[in-house]
Amino acid sequence: MATTIGIMDSAYFVGRNEIVAWINSTLQLSISKVEETAPGAVACQLMDAVHPGMVPMHKVKFDAKNEYDMIQNYKVLQDVFNKLKITKHVEVNKLIKGRPLDNLEFMQWLKKYCDSVNGGAATSYNAMERREISKGGKETNKKAAAPSQANGKSSGPAPRAHASQNTRRNDAHSTSAPQRNVKSSSNSGAHAHDEQITELKVFIDSLEKERDFYFSKLRDIEILCQTPEIDHLPIVGAIQKILYSTEADPAVVAEAQALVMQQNQPLALSPIDEISEEKPNRPEAQKRKSIDCFEAFDMGSGSRPRLSDISDVQYCDSPLINY
């Protein structure tokens, strides 16, 4: 179904001119830009064309000028989607701003959906009659009928004139033909420039949307790295090093990988730590040596050793000798 089409589907490669022509032919309108569909009334009537009777056209406002009325139109459209169990998410806040890219994408999806329902054909649908019951529908019908009436008048037979007047007119036409050709070529050139400007605007909008998407991802990663429970981890430091680098330098990635590798290596004891681990055994050995030194004296006689005798015992490795 068209409700699940991806962003790379062929539906999103349909040009805006084709979309505008499809809307005008289906609904008997005379819009010139896809941004004119922003109020949501066109989308409601397109759904009414493929599902007759499902859309309450008396609630649709073709004269919507403010955001409140536009949002009411999209609420009607959302109710129709819910009845038909269509899971398409409509970004109303973007559509009502009238940006060309957002409205073009939504109309492209809507055309794909209408084509999937009835092949894009709505021959028995009387768009102007259905639009009469909506708010502002009569004025919209008048605007749509005005260009067709003007075309009909211009294509009608011209009144006859005298032969002399025709001759003078033909002579004037022959002299002014090059000027008209110049004007028509200039108008076509201006139209081509307008087309290019519009295409560039659509391209810029798509780039801005892609930029905002990836920036939001980077911002989420930054917020996650700032969590107090994990901000001290080496892997977080490596991520931040890459995140905050201002240049595309391979050395930055190498330094980040080094931080991660340090986390996986076991910590080696320094020589000072090894000596500190052996220190608890030294007092016992020194105490044993001190006892051996004093046993050299004859303690059985009951007399106290002389100071001279104690001072002669210089080979004993006792910490007391240093005091």
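None of the values given here were measured: they were computed from a predicted structure.

**Here we look at the pattern of salt bridges**
Counted by the stated rule, this structure contains 6 salt bridges. Here Glu91 ties to Lys94 by a salt bridge, and the two come within 3.5 Å at their closest N and O atoms. Its relative accessible area of 37% is what places Glu91 among the partly exposed residues. Assessed through its relative accessible area of 35%, Lys94 is described here as partly exposed. With its nearest N and O atoms 3.1 Å apart, the salt bridge here joins Asp212 to Arg211. A relative accessible area of 52% places Arg211 in the exposed class.

**Topic: the side chain of Gln45**
Mapped onto the elements, Gln45 comes out in helix H2 (residues 41–50). Side chain to side chain, Gln45 and Tyr125 meet in a polar contact 3.3 Å long. Of the polar contacts made by the side chain of Gln45, one reaches the backbone oxygen of Ala127; its length is 2.9 Å. Filtering out sequence-adjacent residues up to four positions away, Gln45 remains in contact with Leu27, Met57, Phe62, Tyr125, Ala127, Arg130 and Arg131.

**Describing the packing of helix H1 (residues 16–27) against helix H5 (residues 100–118)**
A packed helix pair is summarised by two numbers, namely the angle formed by the two axes and the spacing between the axes. Contact geometry for H1 and H5: axes closest at 10 Å, N-to-C directions at 55 degrees. Relative to H5, the element H1 is oriented oblique. Where H1 crosses over H5, the handedness of that crossing is left-handed. Of the residues in H5, those in contact with Arg16, Glu18, Ile19, Trp22 and Ile23 of H1 are Leu104, Met107, Gln108, Leu110, Lys111 and Cys114. Residue classes in the contact of H1 with H5 are distributed as 7 nonpolar, 1 polar and 3 charged.

**So, the side chain of Asp102**
Among the structural elements, Asp102 can be located in helix H5. Each residue touching Asp102, except ones within four places of it in the same chain, is listed here: Lys94, Leu95 and Lys209.

**Section: a nonpolar patch on the surface**
Where nonpolar side chains cluster on the molecular surface, the patch consists of Leu218, Ile221, Leu233, Ile235 and Ile239 and spans about 360 Å² of accessible area. Looking at the nonpolar patch, the elements that each hand over two or more residues are helix H8 (163–225) and helix H9 (234–243). Within the secondary structure layout, Leu218 lies in helix H8.

**Re the environment of Glu222**
Looking at the secondary structure, you find Glu222 in helix H8. The class of Glu222 is buried, set by a relative accessible area of 19%. Linking Glu222 and Tyr244, residues 22 residues apart in sequence, is a C-alpha distance of 9.5 Å.

**Notes on the packing of aromatic side chains**
What the rule picks out here adds up to 4 aromatic pairs. Seen in terms of ring centroids, Phe81 and Trp109 are 5.8 Å apart; in terms of plane orientation they differ by 70 degrees. Their pairing is edge-to-face. Pair noted here: Phe81 is in helix H3 (residues 67–84) and Trp109 is in helix H5, with a separation of 28 residues, a long-range link. Taking the centre distance of 6.0 Å and the plane angle of 15 degrees together, the rings of Phe106 and Trp109 count as stacked. Placement of the pair is Phe106 and Trp109 together in helix H5, with a separation of 3 residues, close to one helical turn. The buried category is assigned to Trp109, whose relative accessible area is 0%.

**Details of the nonpolar core**
With 42 residues, the main nonpolar core has Ile23, Met47 and Met107 as its most contacted residues. Looking at this core, the elements that each hand over two or more residues are H1, H2, H3 and H5. Looking at which element gives the most residues to this core, the answer is H2, with 8 residues. In this view, Met47 contacts Val55, Leu77, Val80, Phe81, Leu84, Ile86, Leu110 and Tyr113; residues no more than four positions away in its chain are not counted.

**Here we look at H2**
Taken across its 10 residues, H2 has 10 buried, putting it largely inside the fold. Buried residues of H2: Ala41, Val42, Ala43, Cys44, Gln45, Leu46, Met47, Asp48, Ala49 and Val50, and no others. Those residues of H2 that are buried lie in contact with H1, H3, H5 and helix H6 (127–132).

**As for the confidence of the model for the protein**
Averaged over every residue, the pLDDT of the protein is 75; the share at 70 or more is 65%. Across the protein, the secondary-structure element scoring lowest on mean pLDDT is helix H13 (residues 307–312), at 46, and the one scoring highest is H3, at 95. The model gives residues 154–164 a pLDDT under 50, and that stretch makes 2 contacts with residues more than four places away or in other chains. Here residues 307–323 is a poorly scored stretch, pLDDT under 50, and it has 12 contacts once near neighbours within four places are set aside; other chains count.

**Considerations on the environment of Pro56**
Examined against the element boundaries, Pro56 turns out to sit in the loop between H2 and H3. Residue Pro56 is classed as partly exposed on the basis of its relative accessible area, which comes to 22%. Sequence separation between Pro56 and Val80 is 24 residues, and the spatial gap between their C-alpha atoms is 8.9 Å.

About the cut-offs
Residues numbered from 1 in each chain as written. Predicted model: local features only at pLDDT ≥ 70, side-chain atom pairs only at ≥ 80, totals over all residues. Heavy atoms only, no water. Salt bridge = Lys/Arg side-chain N within 4 Å of Asp/Glu carboxyl O. Buried < 20%, exposed > 50% of the residue type's maximum accessible area, 1.4 Å probe, protein only. Helix = DSSP H or I, 4+ residues; strand = E, 2+ residues; numbered from the N terminus. Polar contact = N/O pair within 3.5 Å; in protein donor to acceptor, adjacent residues only side chain to side chain. Contact = heavy atoms within 4.5 Å. Axes fitted to C-alpha atoms, helices over the stretch in contact; angles between N-to-C directions. Parallel < 35°, antiparallel > 145°, perpendicular 65-115°, else oblique. Left-handed = near helix turned anticlockwise from the far one by under 90°. Nonpolar A, V, L, I, M, F, W, Y, C, P; charged D, E, K, R; others polar. Patch = residues over 30% accessible without salt bridge, like charges linked within 9 Å, V, L, I, M, F, W, Y side chains within 5 Å. Areas by Shrake-Rupley, 256 points an atom, 1.4 Å probe, with all protein chains shown as cover. Phe/Tyr/Trp six-rings, centres within 6.5 Å; stacked < 30°, edge-to-face > 60°. Core = buried A, V, L, I, M, F, W, Y, C linked by side-chain atoms within 4.5 Å. pLDDT = per-residue confidence, 0-100.

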